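# Observations on the three-dimensional arrangement
Each chain, letter by letter, is given below.
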Amino acid sequence: LHSSSSSVARSPKNIVVSSFYPIIISLPLLNIYTIMLIRGTIVTTKQAVASSSLLLRRSFSNTKTASTKVAVLGAAGGIGQPLSLLLKTSAASQYISELACYDIVGTPGVAADLSHVPTFPLVSGHLPSSGTWPPSGNTGLEEALTGADVVVIPAGVPRKPGMTRDDLFNTNASIVRDLVAGCADFCPEAQIAIISNPVNSTVPIASAVLKQKGCYDPKKLSGVTTLDVIRANTFLSSHCNTDPSDTNVTVIGGHAGITILPLFSQTGATTLSDDDREALTVRTQFGGDEVVQAKAGAGSATLSMAYAGYLFTQNLVQAKATGESVVQCAFVESSVTEAPFFASPVKYGPNGIEEVLDFGAISDYEQAWLNQLLPDLKKQIQKGLDFVEG
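For clarity, every value in this text was computed on a predicted model and none was experimentally measured. (Residues numbered from 1 in each chain as written. Predicted model: local features only at pLDDT ≥ 70, side-chain atom pairs only at ≥ 80, totals over all residues. Heavy atoms only, no water.)

## Observations regarding the pattern of salt bridges
Enumeration according to the criterion identifies six salt bridges in this entry. Ionic pairing is found between Arg277 and Asp274, a salt bridge with its closest N-O pair at 2.9 Å. Taken together, the positions of Arg277 and Asp274, both in helix H8 (residues 274-285) and three residues apart, correspond to about one turn of that helix. On the basis of relative accessible area, Arg277 is assigned to the partly exposed category, the value being 24%. Residue classification places Asp274 among the exposed residues on the basis of a relative accessible area of 52%. In this structure, the salt-bridge partner of Glu290 is Arg283, at a minimum N-O distance of 3.0 Å. Note on Arg283: relative accessible area 36%, which makes it partly exposed. (Salt bridge = Lys/Arg side-chain N within 4 Å of Asp/Glu carboxyl O. Helix = DSSP H or I, 4+ residues; strand = E, 2+ residues; numbered from the N terminus. Buried < 20%, exposed > 50% of the residue type's maximum accessible area, 1.4 Å probe, protein only.)

## Some points on the environment of Val72
As for its position among the elements, Val72 is in strand E4 (residues 68-73). For the pair Val72 and Val152, spaced 80 residues apart in sequence, the C-alpha separation works out to 4.9 Å. Sequence-distant contacts of Val72, defined by excluding residues within four places in its chain, comprise Gly80, Leu83, Ser84, Leu87, Leu99, Ala100, Cys101, Tyr102, Val152 and Pro154. (Contact = heavy atoms within 4.5 Å.)

## Focus on the nonpolar core
Core analysis: the biggest nonpolar cluster contains 52 residues, and Leu73, Val151, Ile153, Ile194 and Phe342 have the highest contact counts within it. Ranked by the residues each element gives to this core, the list is headed by helix H11 (residues 364-389), at nine residues. Those residues within four positions of Leu73 in sequence are excluded, and the remaining contacts are Tyr102, Leu141, Leu145, Val151, Val152, Ile153, Pro154, Ala155, Leu179 and Cys183. Formed by 38 residues, the second largest nonpolar core is a distinct cluster that contains Ala75, Tyr307, Phe312 and Val346. (Core = buried A, V, L, I, M, F, W, Y, C linked by side-chain atoms within 4.5 Å.)

## What about the packing of aromatic side chains?
Scanning the model with the defined rule gives five aromatic pairs in all. Between Tyr307 and Tyr310, the aromatic rings sit 6.0 Å apart at their centres with planes inclined by 45°, giving tilted as the arrangement. Within this pair, Tyr307 and its partner Tyr310 are both found in helix H10 (residues 303-322), separated by three residues, close to a single helical turn. Centre to centre, the rings of Phe312 and Tyr348 are 5.7 Å apart; their planes meet at 85°, and the pair counts as edge-to-face. With Phe312 in helix H10 and Tyr348 in strand E13 (residues 341-349), the pair connects residues that are 36 residues apart, well separated along the chain. A residue is classified by how much of its surface remains accessible, and Tyr348, at 1% relative accessible area, is buried. Above the face of the Phe169 ring, Lys383 is positioned so that its terminal group lies 4.6 Å from the ring centre. (Phe/Tyr/Trp six-rings, centres within 6.5 Å; stacked < 30°, edge-to-face > 60°. Lys NZ or Arg CZ within 6 Å of the ring centre and 35° of its normal.)

## As for helix H2 (residues 80-89)
Burial runs high along H2: seven of the ten residues are buried. On its buried face, H2 is in contact with E4, strand E5 (96-102), helix H3 (107-115), strand E6 (122-126), strand E7 (150-153) and H10.

## Here's the deal with empty space enclosed by the protein
All told, the structure shown has two cavities of 30 Å³ or more when counted by the stated rule. In this model, the second largest cavity occupies a volume close to 50 Å³. Lining the second largest cavity are Pro188, Ala190, Ile192, Leu210, Cys215, Asp217, Lys220 and Leu221. Here the residues of the lining of the second largest cavity sort into six nonpolar, no polar and two charged. (1 Å grid on protein atoms, 1.4 Å probe; cavity = no way out; pocket = protein on both sides within 12 Å on 5 of 7 lines; lining within 4 Å. Points joined across faces, edges and corners; volume = space filled by probe spheres on them. Nonpolar A, V, L, I, M, F, W, Y, C, P; charged D, E, K, R; others polar.)

## Considering unusual backbone geometry
In this structure, the amide linkage connecting Asn197 to the following residue, Pro198, adopts the cis form with an omega of 0°. By secondary structure assignment, the location of Pro198 is in the loop between strand E8 (191-194) and helix H6 (199-212). Although it is not a glycine, Asn241 adopts a positive phi angle of roughly 55°. Tracing the chain through its elements places Asn241 in the loop between helix H7 (226-240) and strand E10 (251-253). The class of Asn241 is exposed, set by a relative accessible area of 71%. Even without a glycine there, the phi angle at Ala296 is positive, about 50°.

See below:
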């Protein structure tokens, strides 16, 4: 899989299938070659071998530029597995030298499975160490994090029908606290990307833990809100019957319910009626509920979140490898509003956040939403800080 080089979150149209898929035809009365589908074309075995060799050479062609270790904490879960696969197989893989997978169960199997994919990043799988005496600490987490440049954390329990992100707090807060403490101990200079919900609280939790450990750098900590962006892009382009790859909606605020504010007024979509704008805004805010209900209790938004997490991480590793800045929305420490953390466009460079950008002019409708969301957002932020500090 190769994604667009654009620095902003885009729709799945930018993912181009460039690998081959074997199709075995078994006809005992006929001597027929195995055929393969390569980029939409049926070819014979001989042609396929030549093409697959070229594709494999391309897969390894950029290995000299790869120098970044990425750790995925929660790699065996519903988000972690597809996220790890995308990082192993997509355009991001050319910048990644090692992909370390950590979870409380299953990661050796996940890593073994991923290791069979013929792309450059080396893969390792780690579990919490078994109990020892004298106590040796969590050597599995230490091995996964030591030397990591980027740490992505999707670990935690998923949402279920009727649950809000805030309902996840009691379980996921302690998970994020402990994992971020590990980051402070074993890779204090790594960039940390928090996916675990509720992001409005888990990012402040991470900041407080890092401050206690004496290694907090606001340029290195982000909450991943890219899912809100790709949802807004998808919903708007579907409504307007436009190409989603040409749509880029700035989404500000937080990452839960009404704290999510898509700025459709900045897209040039002039045909939206007041009812259309309201419907698109609310659908973006509660898009997670749509998936939870459709899965009927069997899970939450895992695949789309994995894709969003991949886009975010790709931008981090690409900026680190190339030295070229990228801009993407993220939930970070901010002075853009009165909230101490806020999602807005953020400029990332090779060493993390270079600048937290203002979100620009907004409509009266969006200003009313902003006024409404800020009190809730500040309460959720404070809840996270109190969990560690109080």
